[in-house]
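One letter stands for each residue in the lines below.
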Number of protein chains: 2
Amino acid sequence: MAQNIYDDPEFQAGYRRLARSEQGLAGAPEWPTVRRLLPDLSGRDVVDLGCGYGAFARWAAEQHAAVVDAFDVSEQMLRRAAELTEPGKVIRYARADLDTLQLPSASYDVAYSALVLHYLTDLPRFVGMVHAALRPGGGFVFTCEHPVYTAPTVAAWIEHDGRRAWPLDRYGVEGERVRDWLAPGVRKQHRILATLLNALLDAGFTIRRVEESVPSEEQITADPTLAEERDRPMFLMVAADR
Amino acid sequence: MAQNIYDDPEFQAGYRRLARSEQGLAGAPEWPTVRRLLPDLSGRDVVDLGCGYGAFARWAAEQHAAVVDAFDVSEQMLRRAAELTEPGKVIRYARADLDTLQLPSASYDVAYSALVLHYLTDLPRFVGMVHAALRPGGGFVFTCEHPVYTAPTVAAWIEHDGRRAWPLDRYGVEGERVRDWLAPGVRKQHRILATLLNALLDAGFTIRRVEESVPSEEQITADPTLAEERDRPMFLMVAADR
């Protein structure tokens, strides 16, 4: 199974202070792009794979999704998600290791997974499982760390010739990368772009749209720290149809 | 129109000495991957957009393609292509600016374009034109410089912390990049991956396969200079179906 770093106390304490944790979807710069990738959720059965604090699940419920099954490996995040969620019958939180979760066949119209794929150790299994869990015509929208972001030996900006640069290396060497992010020893899986997209195609998905996190001028004006995201993309976002 | 650097005498002199010029397809490390993307050409009508010295066109003729229409902007390359080609009726070389070329509708089964897209100034027009020129069920296979390769302010390896690194910056800033490669002032167009793939989707193509140039262990053993290509991909390769 994938490492459950989200229940590490040091990691969790740091994670709770991120803008995307405190502000939910509004605190995620990539959300406006992701939202455009999503189909209308009204009356649909939705599964959220890696729900964290449940921000997307609650948004899906607001969009009048019929059902939102929301899974996460972290007990602490699920507890907080439940605290933040109004009682109701639409959202069902459950704990699951996404590297082994099996969903019932042809049970959902929309599958959503935000910033989880780069933790999973068996991508073809996961993508195949999601494909089987969708009804024909259903859609899968995911975000993950961009291969350019996961690749380097040392994933940190450098100064070169008076410019900020991202020291890309080992792009073609797939496999584990150990990072110090919020806590030491966070284990991620680096996969090249071709591997990510071909896993979808091999599972039978049709690619509908591909996006990369490039901040707009307006976003950089509102938050100048986003300027560096123009120099190398942090996230890949894909919409695929069964 | 795109710059015609290939008829610049200094550029041409350097280009003729490249392994891919002297050895044809066998001198292009990405060819084994590209070949796997191609459908069977036997009996098919093929168009080669940016044929250079005609190595692919001759290979397509050897595969028993019915017709190979091969276009290039460079007079010198077309002259050399004709010299290298046995007289016959299958291959038809013609000069064309790919930024303005119009092909007849539904006339080809396979469109091929190697290392040309990054010179074109109007990608949506080109991709739409290729889509219209293919018969329903036809395939488009192209290679182009990888966005990670075209992006940086200075596209050259650096040493950092004792390691080779590719100083990625300006990934999200699309547009012209001027390079000194074989001759000074070569003008290329940087586009992010999302732009390249979405141009295909917008034109009505279905993406069948995506590949990136990552050399195999066997290739690196045979040619150790390829090792650096494992640190950052130079080419993107895509197969799409009408």
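Heads up: the structure comes first, above all this text.
Values in this document were obtained by computation on a predicted structure and should not be read as measured data.

So, how was this worked out
Residues numbered from 1 in each chain as written. Chains lettered and ligands numbered in written order. Predicted model: local features only at pLDDT ≥ 70, side-chain atom pairs only at ≥ 80, totals over all residues. Heavy atoms only, no water. Helix = DSSP H or I, 4+ residues; strand = E, 2+ residues; numbered from the N terminus. Contact = heavy atoms within 4.5 Å. Least-squares fit on C-alpha atoms with pLDDT ≥ 70 in both. Phe/Tyr/Trp six-rings, centres within 6.5 Å; stacked < 30°, edge-to-face > 60°. Lys NZ or Arg CZ within 6 Å of the ring centre and 35° of its normal.

Here we look at the side chain of glutamate 30 of chain B
Here is step 1: If you trace the backbone, glutamate 30 of chain B turns up in the loop between helix 2 (19-22) and helix 3 (31-37).
Here is step 2: When sequence neighbours within four positions are dropped, the list of residues in contact with glutamate 30 of chain B reads Arg20, Leu115, Phe235 and Met237 of chain B.

Comments concerning the relation of the copies chain B and chain A
Here is step 1: Mapping chain B onto chain A calls for a rotation angle of 180° and an axial translation of 0.0 Å; the resulting RMSD is 0.0 Å. Read as a symmetry element, the transformation amounts to a two-fold axis. Every residue of chain B has its C-alpha some distance from the rotation axis, and the shortest such distance is that of proline 167 of chain B, at 2.5 Å.
Here is step 2: A high fraction, 100%, of the interface residues of chain B reappear at the interface in chain A, so the copies pair face to face through one surface.

Remarks on the packing of aromatic side chains
Here is step 1: The final tally for this structure, using the stated rule, is 30 aromatic pairs over all chains.
Here is step 2: When the centroid spacing of 5.9 Å and the interplanar angle of 35° are considered together, the rings of phenylalanine 56 of chain B and tryptophan 59 of chain B count as tilted. A residue pair is termed a helical-turn pair when its members lie 3 or 4 positions apart in one helix, as phenylalanine 56 of chain B and tryptophan 59 of chain B do in helix 4 (residues 55-62) at three residues.
Here is step 3: Chaining the aromatic ring pairs together yields one cluster made of Tyr6, Phe11, Tyr15, Tyr53, Tyr119 and Trp181 of chain A.
Here is step 4: The residue whose ring lies beneath lysine 188 of chain B is tryptophan 181 of chain B, and the NZ or CZ to ring-centre distance is 5.3 Å.
Here is step 5: One cation-aromatic arrangement involves arginine 232 of chain B over tryptophan 166 of chain B; the distance from NZ or CZ to the ring centre is 4.2 Å.

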